[in-house]
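# Per-entry structural report
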Amino acid sequence: MPHSMVFKGYRKPLEMEDLWDLKDKDKTKTISAILEKNMKTMVKKAQAEMEKRKRKKRLRENDPDHGSNMSKAQSQDILVLVNPFPLLALCGTQRSKLLIAFVSDPEAFAWQGYLYATLLFLAALVQSLCLQQHFHLCFQLGISVRASLTAAIYKKVGMALLASSVCSLPSTVGETVNLMSADAQRFMDMANFIHQLWSCPLQIVLSIVFLWMELGPSVLAGIGVMVLLIPINGFLVTKAKGIQVRNMKNKDERMKIMNEILNGIKILKLFAWEPSFEKRIKEIRARELRDLLNFSYLQSISIFVFSCAPFLVSLASFAVYVLVDENNILDAQKAFTAISLFNVLRFPMAMLPMVISSLVQTSWCGACWLKWGAFQALRYGSLLTGSAVCFSEATFAWEQDGNAVIRDVTLDITPGSLVAVVGAVGSGKSSLVSAMLGEMENIKGHINIQGSLAYVPQQAWIQNATLKDNILFGSELDEARYQQVLKACALLPDLELLPAGDQTEIGEKGINLSGGQKQRVSLARAVYNNADIYLLDDPLSAVDAHVGKYLFDHVLGPKGLLQKKTRILVTHSISFLSQVDNIVVLVAGAVSEHGSYSTLLANRGAFAHARSTKSCQEAQKETPKKLKGQQLIEKEAVETGKVKFSMYLRYLRAVGWGFSFWVAMSYLAQYVAFVGTNLWLSAWTDDAQLYLNQTYPPGQRDLRIGVFGALGVAQGECGNTGDAASRVMHQRLLSNILHVPMSFFDTTPTGRIVNRFAKDIFTVDETIPMSFRSWLSCFMAIISTLLMISLATPFFALIIIPLGIFYYFLSPLFQRFYVSTSRQLRRLDSVTRSPIYSHFGETVSGLSVIRAYGHQERFLQQNESTVDINQKSVYSWIVSNRWLAIRLEFVGSLVVFFSALLAVISKGTLEGGIVGLSISSALNVTQTLNWLVRMSSELETNIVAVERIHEYTKVKNEAPWVTGKRPPHGWPSKGEIQFIDYKVRYRPELELVLQGITCDIRSTEKVGVVGRTGAGKSSLTNCLFRVLEAAGGTIMIDGLDISMIGLHDLRQNLTIIPQDPVLFSGTLRMNLDPFDQYPDEEVWKALELAHLKTYVQDLPEGLFHLVSEGGENLSVGQRQLVCLARALLRKAKILILDEATAAVDLETDHLIQTTIRSEFANCTVLTIAHRLHTIMDSNRVMVLQAGRIVEYNSPEELLQKQGLFSAMAKDAGIINAQTTVL
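Criteria and cut-off values
Residues numbered from 1 in each chain as written. Predicted model: local features only at pLDDT ≥ 70, side-chain atom pairs only at ≥ 80, totals over all residues. Heavy atoms only, no water. Helix = DSSP H or I, 4+ residues; strand = E, 2+ residues; numbered from the N terminus. Buried < 20%, exposed > 50% of the residue type's maximum accessible area, 1.4 Å probe, protein only. Contact = heavy atoms within 4.5 Å. Axes fitted to C-alpha atoms, helices over the stretch in contact; angles between N-to-C directions. Parallel < 35°, antiparallel > 145°, perpendicular 65-115°, else oblique. Left-handed = near helix turned anticlockwise from the far one by under 90°. Arc of directions from axis to C-beta. Pairing = 2+ DSSP bridges. Salt bridge = Lys/Arg side-chain N within 4 Å of Asp/Glu carboxyl O. Expected span 1.5 Å × (residues − 1). Bend = angle between axes of the 7 residues up to and from the residue. Phe/Tyr/Trp six-rings, centres within 6.5 Å; stacked < 30°, edge-to-face > 60°. Lys NZ or Arg CZ within 6 Å of the ring centre and 35° of its normal.

## Quick word on the overall build of the protein
- Within the protein one finds 40 helices and 21 strands.
- Within the protein, the proportion of its 1222 residues that are buried is 61%.
- Counting only contacts in the protein whose residues sit at least 6 apart along the sequence, the fraction spanning at least 24 positions is 82%.

Listed below in structure tokens is the structure:
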């Protein structure tokens, strides 16, 4: 029962466990099935329509379709209840007419008056009950629509679409999150008002019929005014639609860039690029706010027109009525019955434009939406053959009409064989794997795969779950097999390092694992999955040399765990090729040769050539990260208790005090005019008694009409809450998020931050101004109504006191009960919404993996349960709203009853006009009281958004970007680095990662940094860039203590080529030089040195080639080269290489190393050891172990010393610094 929930919410802040479980019919699974069924029908219709009218714009076809789709999807709900409001409201006006007649008739019996008063009360009660039932069903429909849309978007984007379609559609993660948050919310709001589409016209027609009965043909003047207002409304709606469409696009673009910023935040910090991206977001936001402002102007005009509308209609009708015939005298019975009817008219006339504009917004979303519906998933047919994988003259492209990426491949892979795929960067190795996974369009030929697939992507995809869950990936636990897999994938030593072993929670995108650990977890997932065919996209590129050898021997090789499985291994590593069954060499998307190792060497083709140029042994190192506690992602904080008053003040301060005062005054003026109009009308109707049986003086008549008209127009004046608050709050949030330290992003899921920028900013932009306006309106309306009743029947002032006390004690009691429950439910709604976005983002990034393993269903179920948890809080919130409304409307009904009762008791002392005024005002009060409390609580629940945004504007910042102490111009000129007893930890509660490092790196020296996993190699680079701040000691660069200068002064003067090549959507040039600091010649020079010049010249747009989100349209190797070009362009005195060539083939690696040696000859270069041979020509090598330097000397000295370094070199097959053997 709602009682129990509300009382529980009053006693303590509600938690998810206190809420009711959803019924099966309300669960996402059930409702999304209904939507999907209807959607299929609609899409078929739409496609048939498109065939007929191919040249017409898509949007125009989808609009009408969508409307019927909504109503079909839930038709059973729509037929449940006719909106009872118009019929009952009209009954009320007829009763008030009888009551006025009774007061004006001295002969009437007293019992009639009491009967009429009681009937008024009962009509108000029944109206209240029916209306609440109607609202309840509508809201239920609304949340069902929202849940089914969210689930459907997830299903379409996350599962059914080709990955290529995800990339090629103009819909990025940001846009889709928008579709899920703001747009699904619009559908929900629309569902609440959908019935107004027919009930508004019905109310208008019925009111006009009753008006005709009162005023006769004069009503036509009023109707004429209404008809005139329709084109004005049409014009406003069209304008609004244009603005809304533009604004949706801006919002999508802003969310897209925001998503990228959050995903690439580390690169932004290392390169000090935050201002450039902040500027991009600000530009879009400025456009968005400009449109919002225009939209609110339009809204103001529309509100002005419609607050004047009922009044203009009554003015026209009354004026014509008294002007047409001298005998037509406006008496109380006619005027106030007419006024009550005009008030009934006010609601549908105000609602209709809102419903229409809501439809406009929804139809735009509907168009975006059907765009998704039309895509279908790709499946390959299966032809039975004896091969595990068989390509037959197959050609593939990323899009149906795109350029072929894989050309005429004919390959036959026998079951149980190990096949290596080799080739230069961009030759199509990963694309070949994607083709086998069914992620590409098959343009000609065919491919046949026999058996189940497991896939290890080039960039490991790790879920935000425990390490164990990441490996099991939804499979049943078989302990013996699980332990066997852990051992084979070299994960046992890591489990000892992790604070909670395999129960340690891994952050989003595997944030607290090193590159090599992520790759091994990804491999373990595949091995545990026990598939028939293994597609391994360069899994050994991110691990140490000895670990790579171990993995090959124990997992991939002829004696490994997978020896009986079919393995297709993409690799740049030559050392294992002699042990594979077959080698496929790719050149520009075609197979140039394939056969066994010895055959290919004997052929002296491309393979033999590549091998001879680079016959060396590579060894790789991992970047470690000190591992954090088991609990990494904290539960999202939910504020409890009352929203602090300071939040309202903060919002008003953001709006501006002067502006807030002006808005309040304009509302006050509006309601003073409202009271004036009614009192004037009351006096006018009393003229009927004054001039009984006399000619009505024309002067008096004109005065009455003129003043009535002037007061009415004054009512239309309307304030508008500005967009200042939106601008200020977004600005603070954005600037603070860009200033917070890296550790915040490590422990906060992106979805949580995105939620602030999507839903909460949407609330501040659009919902709160509306709530504020409505609240002010309701508040003023109540005060003015009570004032009018008291003026009419002074006795009523006596009733107001007990009613007020009753309302004051009971309503706050209701309200306290209700608001504490409602507010907490609203907070739970916000908190349970973040995981929906987080899960969605995670799914999109791991799409190919999820599909390869065939786990779509499990992820769909997980999404459904996440949405259901959110639904629980929304559903409970809706029920608590209805609980309150019923109780408050009862108080309103009492106001009506007492004002009627007093009129009956005071019969004989009152004029009809005054009674009419009193009762027509009282009839309004019920709805308005209810709205006032609804608006108060809605305002409070929406102000939670301000609270949530404020929470993230208060997150502690990193050091300032620029301080008073600026480094000298041209610093660092020498590039000397000194570590003096340097200590560092990741977070205050954790152990030290670097335990007091002291060393000197001389000017232009080349230093290699090596060490096993967890030794602290990456922490060293993080310290140089002050991503981690010192726990003790100092770092001096050219004699300047780096902790004394601003972060940007430091970071702009160092250069790093990071481990993960992160690119942003935008032009290639923007990715290299976001501030436009360098001329084109220098950019081309950098590209030439990075061996990308020919590739970029061949692109149609050259430097302005658009890079897709995350750089998806470049291969991983090409992305790495773009990162090299960035470093070459910046040309700082100190360069740090962090595992920079792990994703490129040997030949490209050789080119990169040569470029670095020549171009950075007079720079200090710190190389975190990847392929070990690349640091053999360093001046010195630093060997780290457990955060301390154990060896630091030239490679020759260290090889002779027989220490840790020589053991690692031996593992990698390196005998001395000059010779490297296979």
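## A look at the packing of helix 10 (residues 219-263) against helix 27 (residues 750-792)
- Across the interface, helix 10 lies against helix 27 with an axial gap of 10 Å and an inter-helix angle of 155 degrees. With respect to each other, helix 10 and helix 27 are oriented roughly antiparallel. Of the two elements, helix 10 crosses helix 27, and the hand of that crossing is right-handed. Residues Gln 244, Lys 251, Arg 254, Met 255, Met 258, Asn 259, Leu 262 and Asn 263 of helix 10 pack against Thr 750, Ile 753, Val 754, Phe 757, Ala 758, Ile 761, Phe 762 and Glu 766 of helix 27.

## Quick word on helix 19 (residues 545-556)
- Of all the residues in helix 19, the buried ones are Ala 545, Val 547, Gly 548, Leu 551, Phe 552, Val 555 and Leu 556. The buried residues of helix 19 occupy one face: seen down the axis, they fall within an arc of 160 degrees.
- For helix 19, the secondary structure elements touched by its buried residues are strand 3 (418-423), helix 16 (479-488), helix 18 (515-529), strand 6 (533-537) and strand 7 (566-570).

## Focus on the side chain of Thr 1055
- Mapped onto the secondary structure, Thr 1055 falls in strand 15 (residues 1054-1057).
- With near-sequence residues (within four places) excluded, Thr 1055 lies in contact with Phe 1025, Ala 1127, Arg 1130, Ala 1132, Ile 1134, Leu 1135 and Ile 1136.

## Side note on the sheet that holds strand 20 (residues 1180-1185)
- Taken together, the 6 strands give an open sheet; going across it, the order is 15-18-19-12-20-21, and neighbouring strands pair in mixed fashion. Strands with a single pairing partner mark the edges of an open sheet, and in this sheet they are strand 15 and strand 21 (1188-1193). Strand-to-strand, the axes of this sheet are offset by a mean angle of 20 degrees, without reference to chain direction.
- As defined by bridge partners, strand 18 (residues 1134-1138) adjoins strand 19 (residues 1164-1168) across 5 bridges and the pair is classed as parallel. The partner of Leu 1137 across the bridge, within strand 19, is Thr 1167.
- Contacts from helix 37 (residues 1116-1130) reach strand 15 and strand 18 within the one sheet, and its direction differs from that of strand 15 by about 165 degrees.

## Describing unusual backbone geometry
- Residue Pro 972 is reached from Trp 971 by a cis peptide bond, and omega for that bond is -10 degrees.
- With respect to the element layout, Pro 972 can be found in the loop between helix 31 (912-953) and strand 10 (977-985).
- You will see that Asp 538, though not glycine, has its phi angle at about 50 degrees, which is positive.
- The backbone phi angle of Ala 588 is positive, close to 50 degrees, even though this residue is not glycine.
- With respect to the element layout, Ala 588 can be found in the loop between strand 8 (582-587) and strand 9 (590-595).
- Accessibility expressed as a relative area gives 49% for Ala 588, which makes it partly exposed.

## Remarks on the pattern of salt bridges
- Enumeration according to the criterion identifies 31 salt bridges in this entry.
- One salt bridge connects Arg 851 with Glu 439, and the closest N-O pair in it is separated by 2.6 Å. Linking Arg 851 in helix 29 (residues 847-853) with Glu 439 in the loop between helix 14 (429-437) and strand 4 (441-449), this pair joins segments that are 412 residues apart in sequence.
- According to the relative accessible area criterion, Arg 851 is buried, its value standing at 13%.
- Measuring nitrogen to oxygen at the nearest pair gives 3.8 Å for the salt bridge that ties Asp 553 to Lys 549. Taken as a pair, Asp 553 and Lys 549 lie in helix 19 at a separation of 4 residues, close to a single helical turn.
- Judged by its relative accessible area of 33%, Asp 553 falls in the partly exposed class.
- Where salt bridges share partners, they join Lys 251, Arg 254, Arg 285, Glu 288, Asp 765 and Glu 766 into one cluster.

## What about the sheet that holds strand 5 (residues 453-456)?
- The 6 strands lie next to each other as 5-6-7-3-8-9, forming an open sheet whose pairing is mixed. For this open sheet the edge positions go to strand 5 and strand 9, each flanked by a neighbour on one side alone. Averaged over all pairs of adjacent strands, the angle between strand axes in this sheet comes to 15 degrees, irrespective of strand direction.
- Relative to strand 7, strand 6 runs parallel, the two being bridged by 5 bridges. Looking at strand 7, one finds that Leu 536 is bridged to Leu 569.
- Most of the contacts of helix 18 go to strand 5, to which it runs at about 175 degrees, and overall it touches strand 5 and strand 6.

## Observations concerning helix 12 (residues 274-324)
- Here helix 12 contains 51 residues, and its C-alpha end-to-end distance of 72 Å stays within 8% of the 75 Å for a straight helix at 1.5 Å per residue.
- In the structure, helix 12 departs most strongly from a straight axis at Ala 309, where the bend amounts to approximately 40 degrees and where the proline Pro 310 lies between one and four residues downstream.

## A word on the packing of aromatic side chains
- Per the counting criterion, the structure on display carries 19 aromatic pairs.
- Judged by centre distance (5.2 Å) and plane angle (45 degrees), the rings of Phe 121 and Phe 897 are tilted. Placement of the pair is Phe 121 in helix 6 (residues 110-160) and Phe 897 in helix 30 (residues 856-905), with a sequence separation of 776 residues.
- Taking the relative accessible area as the measure of exposure, Phe 121 reaches 14% and is therefore buried.
- When the centroid spacing of 5.5 Å and the interplanar angle of 80 degrees are considered together, the rings of Phe 744 and Phe 745 count as edge-to-face.
- On the basis of relative accessible area, Phe 744 is assigned to the buried category, the value being 12%.
- Overall, the relative accessible area of 9% leaves Phe 745 in the buried class.
- Grouped by ring-pair contacts, the aromatic residues Trp 461, Phe 473, Tyr 853 and Phe 859 constitute a single cluster.
- The residue whose ring lies beneath Arg 481 is Tyr 528, and the NZ or CZ to ring-centre distance is 5.8 Å.
- We note Arg 1126 situated over the ring of Phe 271; from NZ or CZ to the ring centre the distance is 5.6 Å.

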